[in-house]
Amino acid sequence: MTPSEWRDKLFQIKDAFLKDIGGVSPENLDALEIRYLGRKGELSILLRELKDFPIEERKSLGQDGNSIKTEMESLLAGKKSSLSPIKTQAASGGKTGIDVTLPGYPFLKGSIHPISFTVNKLAEVFMRLGFTIADGPHIEDDYHNFEALNIPQCHPSRDAQDTFYLAMKDSQANNLLLRTHTSPVQIRTMMKHKPPLRIISPGRVFRRDALDASHSFVFHQIEGFYVDRNVGMADLKWTMEAFIKELFGSDTRLRFRPSYFPFVEPGAEVDMTCVFCRGRGNRSAAVPNEKCPVCKGSGWLEMLGAGVIHPNVLKACSMDPVQWSGFAFGAGIERFAMLLFEIRDMRIFYENDLRILKQL
Ligand code: PHE
């Protein structure tokens with residue numbers, strides 16, 4: 001081969017390459033590279049033939065050869081990046097890479113748990129009435145959970161069948177337990193702060209109950225109390241009425257039933273008209289014989305325990321019961337949540353089923 005033949009061949013190869021690369025499909029890019037630039041490719045073979053030329057020829061031919069090689073390589077690189085799989089997915093029939101036309105993966109957002117939602121809702125109502133939030137420990141001692149609350153030694157709730165006591169080696173710690181209600185927060189707050197006190201305290205409580213649709217060994221309560229001069233039953237009734245009506249509508253009626261809790265006197269259980277049948281007791285006005293499944297036909301739902309704080313409780317907190325008085329109430333949060341969300345089985349709250357959780 002003469003030098004000019006070699007040069008002609010070089011330009012032929014380049015022209016052919018330019019023609020081929022113009023219409024190359026992504027899957028043929030590699031084959032194109034091998035055909036021209038691979039070890040046994042057309043250009044590589046031609047370049048190897050240079051060694052047969054005398055040195056002066058070799059120099060100038062070599063320069064042309066190398067500059068065409070570089071040009072071809074950079075064209076190829078450009079083509080590769082412009083035909084990357086992302087852009088050619090549709091053209092290649094969707095077999096490889098990423099289809100940019102598909103919607104992206106959604107980000108999983110956290111959502112608020114129905115119990116937290118309910119706590120926030122209750123807290124909001126009481127905060128508007130001037131209450132503030134206090135907290136207390138889950139691990140309590142006998143004194144704060146029972147003794148200071150005027151709960152006698154023989155009271156059944158102190159029984160190990162109802163209360164989780166902490167088994168500790170240290171005999172001093174023998175009276176530690178998981179709080180069975182939020183009422184010990186009354187004691188802790190009243191020991192630390194002087195009246196007037198308007199406090200709510202939502203939180204977890206623990207009882208030795210078997211799990212079923214309406215019981216759990218861990219559940220939530222909200223405690224509320226108001227201590228000042230001349231606070232009494234009338235203040236309690238007004239506050240409960242405002243609170244319940246705010247949550248369940250102004251046509252809801254309340255009923256106070258005398259009841260006994262050692263830490264209040266007088267004590268009451270507070271019922272409200274059933275939110276489902278609005279107090280009628282039947283499933284619908286059209287079917288008067290069919291009992292409302294929520295209130296079981298009574299028209300009333302038991303919502304909370306309450307009363308006027310017992311003088312012994314005030315004394316335990318070094319408060320003079322002649323000077324100070326107050327009311328207190330305690331309510332199960334699950335009960336409110338079940339009514340707000342129309343849930344019949346409280347186990348749903350603890351199972352962390354995303355179908356429930358993601359609804360809020
Ligand atoms: N602590 C009581 C309970 O757990 C509720 C309650 C609180 C009753 C405050 C009266 C006053 O059942």
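Residues numbered from 1 in each chain as written. Predicted model: local features only at pLDDT ≥ 70, side-chain atom pairs only at ≥ 80, totals over all residues. Heavy atoms only, no water.

Participant: A description of the overall build of the protein should follow, citing residues and the corresponding values.
Facilitator: A count of helical and extended segments in the protein gives 12 helices and 11 strands. Taking the principal axes of its C-alpha atoms as reference, the protein extends roughly 125 × 65 × 40 Å. Classification of the 360 residues of the protein by burial places 40% in the buried group. For the protein, contacts bridging at least 24 residues in sequence account for 68% of all contacts bridging at least 6. Here the protein has roughly 20,400 Å² of accessible surface; of this, 54% comes from carbon and sulfur atoms. Charge centroids of the protein, computed over 46 positive and 44 negative side chains, lie 2 Å from each other. (Helix = DSSP H or I, 4+ residues; strand = E, 2+ residues; numbered from the N terminus. Buried < 20%, exposed > 50% of the residue type's maximum accessible area, 1.4 Å probe, protein only. Contact = heavy atoms within 4.5 Å. Areas by Shrake-Rupley, 256 points an atom, 1.4 Å probe, with all protein chains shown as cover. Lys, Arg positive; Asp, Glu negative; His and termini not counted. Charge placed at Lys NZ, Arg CZ, Asp CG, Glu CD.)

Participant: Summarise the side chain of lysine 14; cite the residues concerned and give the values.
Facilitator: With respect to the helices, strands and loops of the structure, lysine 14 is situated in helix H1 (residues 3–22). On the basis of relative accessibility, which here comes to 16%, the residue lysine 14 falls in the buried class. Among all residues touching lysine 14, those that are not within four sequence positions of it are Ile68 and Glu71.

Participant: Could you give me a rundown of the side chain of asparagine 145, with the residues and numbers involved?
Facilitator: Within the secondary structure layout, asparagine 145 lies in helix H7 (residues 142–145). According to the relative accessible area criterion, asparagine 145 is buried, its value standing at 0%. In this view, asparagine 145 contacts Glu140, Ile151, Leu177, Arg179, Thr180, His181 and Pro184; residues no more than four positions away in its chain are not counted.

Participant: Explain the layout of surface pockets to me, and be specific about the residues and the numbers.
Facilitator: Over the atoms rolls a probe the size of a water molecule, and in doing so it shows where empty space is left. Counted as a void, the largest pocket has a volume near 1,100 Å³. Forming the boundary of the largest pocket are 42 residues, of which Arg207, Phe219, Gln221, Glu302 and Gly332 lie nearest the centre. Elements represented by at least two residues in the lining of the largest pocket include exactly strand S5 (218–228), strand S7 (264–273), strand S10 (300–309), strand S11 (325–332) and helix H11 (333–341). For the lining of the largest pocket, the per-class residue count stands at 18 nonpolar, 15 polar and nine charged. (1 Å grid on protein atoms, 1.4 Å probe; cavity = no way out; pocket = protein on both sides within 12 Å on 5 of 7 lines; lining within 4 Å. Points joined across faces, edges and corners; volume = space filled by probe spheres on them. Nonpolar A, V, L, I, M, F, W, Y, C, P; charged D, E, K, R; others polar.)

Participant: I'd like to hear about the nonpolar core, residue by residue, with values.
Facilitator: The biggest cluster of nonpolar side chains holds 43 residues, and the ones touching the most others in it are Phe243, Phe248, Met272, Leu301, Leu304 and Phe336. Sequence-distant contacts of leucine 301, defined by excluding residues within four places in its chain, comprise Val270, Asp271, Met272, Cys274, Val275, Val294, Cys295, Arg335 and Leu339. Within the second largest apolar cluster, 22 residues are counted, among which are Leu149, Ile309, Val313 and Trp324. (Core = buried A, V, L, I, M, F, W, Y, C linked by side-chain atoms within 4.5 Å.)

Participant: Can you tell me about the site of the ligand, naming the residues and giving the values?
Facilitator: Close to the ligand lie 13 residues, the nearest being His181, Ser183, Arg207, Gln221 and Gly330. In this structure, an oxygen atom belonging to the ligand sits 2.9 Å away from a side-chain N or O atom of arginine 207. In the complex, the protein chains occlude 90% of the 320 Å² of accessible area that the ligand would expose alone. Among the cavities detected, the one that contains the ligand is the largest pocket. Secondary structure elements with two or more residues in the shell around the ligand: S5, S10 and S11. If one sorts the elements of the shell around the ligand by residue count, S11 sits on top with three residues. A breakdown of the residues in the shell around the ligand according to their chemical character gives six nonpolar, five polar and two charged. (Near = heavy atom within 4 Å. Polar contact = N/O pair within 3.5 Å; in protein donor to acceptor, adjacent residues only side chain to side chain. Sits in = over half its atoms within 2 Å of the grid points.)

Participant: Break down the sheet that holds strand S1 (residues 132–133) for me, citing the residues and quoting the values.
Facilitator: To summarise the sheet geometry, strands pair through backbone hydrogen bonds and adopt either a parallel or an antiparallel arrangement. Spatially, seven strands are ordered S1-S4-S5-S11-S10-S7-S6 in an open sheet, and the strand pairing comes out mixed. Only two strands of the sheet have a single neighbouring strand rather than two, namely S1 and strand S6 (254–259). When strand S4 (residues 197–206) meets S5, the two strands line up antiparallel, connected through 10 bridges. Within the sheet, the bridge partner assigned to leucine 197 lies in S5 and is valine 227. In this fold helix H6 (residues 114–128) packs onto S1, S4, S5 and S11, with an angle of close to 165° to the strand it touches most, S4. Sheet strands touched by H11: S4, S5, S7, S10 and S11. Its angle to S10, the strand with the most contacts, is close to 145°. (Pairing = 2+ DSSP bridges. Axes fitted to C-alpha atoms, helices over the stretch in contact; angles between N-to-C directions.)

Participant: Tell me about the environment of lysine 79, and please be specific about residues and values.
Facilitator: Structurally, lysine 79 is set in helix H4 (residues 55–82). With a relative accessible area of 21%, lysine 79 lands in the partly exposed category. Note: C-alpha distance between lysine 79 and glycine 22 (57 residues apart in sequence) is 9.1 Å. Dropping the residues within four chain positions of it, lysine 79 is found in contact with Ile21, Gly22, Val24 and Leu29.

Participant: Can you lay out the pairing of S5 for me, pointing to particular residues and giving the numbers?
Facilitator: Taking burial as the measure, the 11 residues of S5 include nine buried ones, the bulk of the element. Across eight bridges, the pairing between S5 and S11 is antiparallel. What sits directly across from glutamine 221, in S11, is glycine 332.

Participant: Which residues make up the domain arrangement of the protein, and what values do they have?
Facilitator: Examined at the domain level, the protein breaks down into domain 1 (3–91) and domain 2 (114–357). One C-alpha centre belongs to domain 1, the other to domain 2; they are set 84 Å apart. (Domains from an automatic or database assignment.)

Participant: Before we move on, could you go through the pattern of salt bridges and cite the residues and values that matter?
Facilitator: Any two side chains of opposite charge can pair, so long as their charged atoms come close to each other. One pass over the full model with this rule turns up 19 salt bridges. Close ionic contact of glutamate 290 with arginine 283 constitutes a salt bridge, the shortest N to O distance being 2.7 Å. Ionic pairing is found between arginine 355 and aspartate 353, a salt bridge with its closest N-O pair at 2.6 Å. Accessibility expressed as a relative area gives 24% for aspartate 353, which makes it partly exposed. Counted as one network, the salt bridges with shared partners bring together Arg255, Arg257, Glu269, Asp271 and Glu302. (Salt bridge = Lys/Arg side-chain N within 4 Å of Asp/Glu carboxyl O.)

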